[in-house]
Amino acid sequence: MAAFIIPVFKVIDMALNLYWWVIIIMAVMSWLLAFDVINMRNDLVRSLWNMSNALTEPVLRPIRRFLPPIAGMDISPIVLLLLLSFVQMELGVLANALLRAAYS
């Protein structure tokens with residue numbers, strides 16, 4: 001059983017790492033857009049923004065409802081990154097426990 005579950009956990013961990021980077025890209029792009037370093041008239045910027053927004057907004061929206069902006073600053077990406085880190089740590093603990101149980 002562990003021979004099947006461990007690779008599944010690794011794939012989930014890789015997907016969470018990829019999602020982590022999507023959140024970072026979205027946050028950096030929002031800052032660059034806010035300071036007018038980049039603008040939405042550029043097709044590449046617009047497509048990257050739409051993609052990152054489509055991937056992150058469904059998860060960030062409930063966090064934003066629960067935790068409104070503090071001093072005008074949206075901290076929902078930080079909260080989401082912390083939650084992702086927690087999930088990754090717990091998956092690692094669970095994978096280690098399964099390995100110990102399988103080889104004991």
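Report on the accompanying structure. Please read all numbers here as calculations on a predicted model, not as lab measurements.

1. Some details on the overall build of the protein
Looking only at helices and strands, the protein has 3 helices and 0 strands in total. Secondary structure elements of the protein occur, N-terminal to C-terminal, as α-α-α. Projected onto its principal axes, the C-alpha positions of the protein cover 60 × 30 × 20 Å. Relative to its 104 residues, the protein shows a buried fraction of 24%. Sequence-distant contacts in the protein: of pairs separated by 6 or more residues, those separated by 24 or more amount to 57%. Of the accessible surface of the protein, which amounts to about 7500 Å², a share of 73% is contributed by carbon and sulfur atoms. Charge-centre separation for the protein: the mean point of 7 positive side chains lies 4 Å from the mean point of 6 negative side chains.

2. Some points on the pattern of salt bridges
This structure, assessed with the given rule, holds 3 salt bridges. Asp43 is paired through a salt bridge with Arg46; the nearest N and O atoms lie 2.2 Å apart. Of the two residues, Asp43 and Arg46 both sit in helix α2 (residues 43-66), 3 residues apart, roughly one turn of that helix. Exposure remark for Arg46: the relative accessible area of 32% places this residue in the partly exposed category. Across the pair Arg64 and Asp74 runs a salt bridge, and its minimum N-O distance is 2.9 Å. Placement of Arg64 in helix α2 and of Asp74 in the loop between α2 and α3 (76-102) is noted, with a sequence separation of 10 residues between them. You can call Arg64 partly exposed: its relative accessible area is 26%. A single network of salt bridges, built from pairs that share partners, joins Glu57, Arg64 and Asp74.

3. Quick notes on α2
If you check α2, its first and last C-alpha atoms are 33 Å apart, about what 24 residues at 1.5 Å a residue would give, namely 34 Å. At Glu57, α2 is deflected by roughly 50°, the largest bend along its length, and proline Pro58 occurs up to four residues later in sequence. Among all positions of α2, only Val45, Trp49, Ser52, Thr56, Leu60 and Ile63 are buried. Capping the start of α2, Asn42 holds a side-chain oxygen 2.9 Å from the backbone nitrogen of Leu44, two or three residues further along.

4. Focus: the packing of α2 against α3
Axis angle and axis distance: for two packed helices, these are the angle between their axes and the distance between the axes, and together they describe the pair. Interhelical geometry of α2 versus α3 gives an angle of 110° and a closest axis separation of 9 Å. Here α3 runs roughly perpendicular to α2, going by the angle between their axes. When you trace α2 past α3, the crossing you get is right-handed. Residues Val59, Leu60, Ile63 and Arg64 of α2 lie in contact with α3, whose contacting residues are Ser76, Pro77, Val79, Leu80 and Leu83. In terms of residue class, the contact of α2 with α3 is made up of 7 nonpolar, 1 polar and 1 charged.

5. With respect to the nonpolar core
Grouped together as the largest cluster of nonpolar side chains are 17 residues, with contacts concentrated most on Phe9, Tyr19, Ile23, Leu80 and Leu84. Sorting the residues of this core by element identifies α1 (2-34), α2 and α3 as the ones contributing at least two each. When residues in this core are grouped by element, the largest group, 8 residues, is from α1. Other than its neighbours up to four places away in sequence, Tyr19 contacts Leu55, Thr56, Val59, Leu80 and Leu84.

Parameters at a glance
- The numbers attached to residues start from 1 for each chain and follow its sequence in the written order.
- Per-residue local features of the predicted model are confined to residues with pLDDT of at least 70, and side-chain atom pairs are confined, for both listing and counting, to 80 or more; whole-chain, interface and lining totals are unaffected and use all residues.
- Based on all heavy atoms of the structure, the side-chain values leave hydrogens and waters out of the count.
- Secondary structure elements follow DSSP: runs of H or I of four or more residues count as helices, runs of E of two or more count as strands, with numbering from the N terminus.
- Relative accessibility decides the category of a residue: with a 1.4 Å probe and only protein chains considered, values under 20% of the type maximum give buried, values over 50% give exposed, and everything between is partly exposed.
- Contacts are assigned to residue pairs that have any heavy atoms within 4.5 Å of one another.
- Using a 1.4 Å probe, accessible areas were evaluated by the Shrake-Rupley method; residue-level cover was limited to the displayed protein chains.
- None of His or the chain ends enter the tally, which takes Lys and Arg as positive and Asp and Glu as negative.
- Charge positions are represented by NZ for Lys, CZ for Arg, CG for Asp and CD for Glu.
- Whenever a carboxyl oxygen of Asp or Glu lies within 4 Å of a side-chain nitrogen of Lys or Arg, that contact is scored as a salt bridge.
- In a helix, the anticipated span is given by 1.5 Å times the number of residues less one.
- The term bend refers to the angle at a residue between two fitted axes, each drawn through seven residues, those ending there and those starting there.
- Pairs of N or O atoms within 3.5 Å make up the polar contacts considered here, provided that, within protein, one atom can donate a hydrogen while the other can accept it, and that residues adjacent in sequence are counted only when both atoms are side-chain atoms.
- Only the contacting stretch of a helix is used when fitting its axis, a line to C-alpha atoms as for every element, and angles between N-to-C directions run 0 to 180 degrees.
- Under this scheme an angle from 65 to 115 degrees is roughly perpendicular, one under 35 degrees roughly parallel, and one over 145 degrees roughly antiparallel; angles in between are oblique.
- Rotating anticlockwise by less than a right angle from the far helix to the near helix defines a left-handed crossing, while the corresponding clockwise rotation defines a right-handed one.
- Residue polarity is assigned by list, with Asp, Glu, Lys and Arg as charged and Ala, Val, Leu, Ile, Met, Phe, Trp, Tyr, Cys and Pro as nonpolar; anything else, Gly included, falls into the polar class.
- What we call a nonpolar core is a set of buried Ala, Val, Leu, Ile, Met, Phe, Trp, Tyr and Cys residues that are connected through their side-chain atoms within 4.5 Å.

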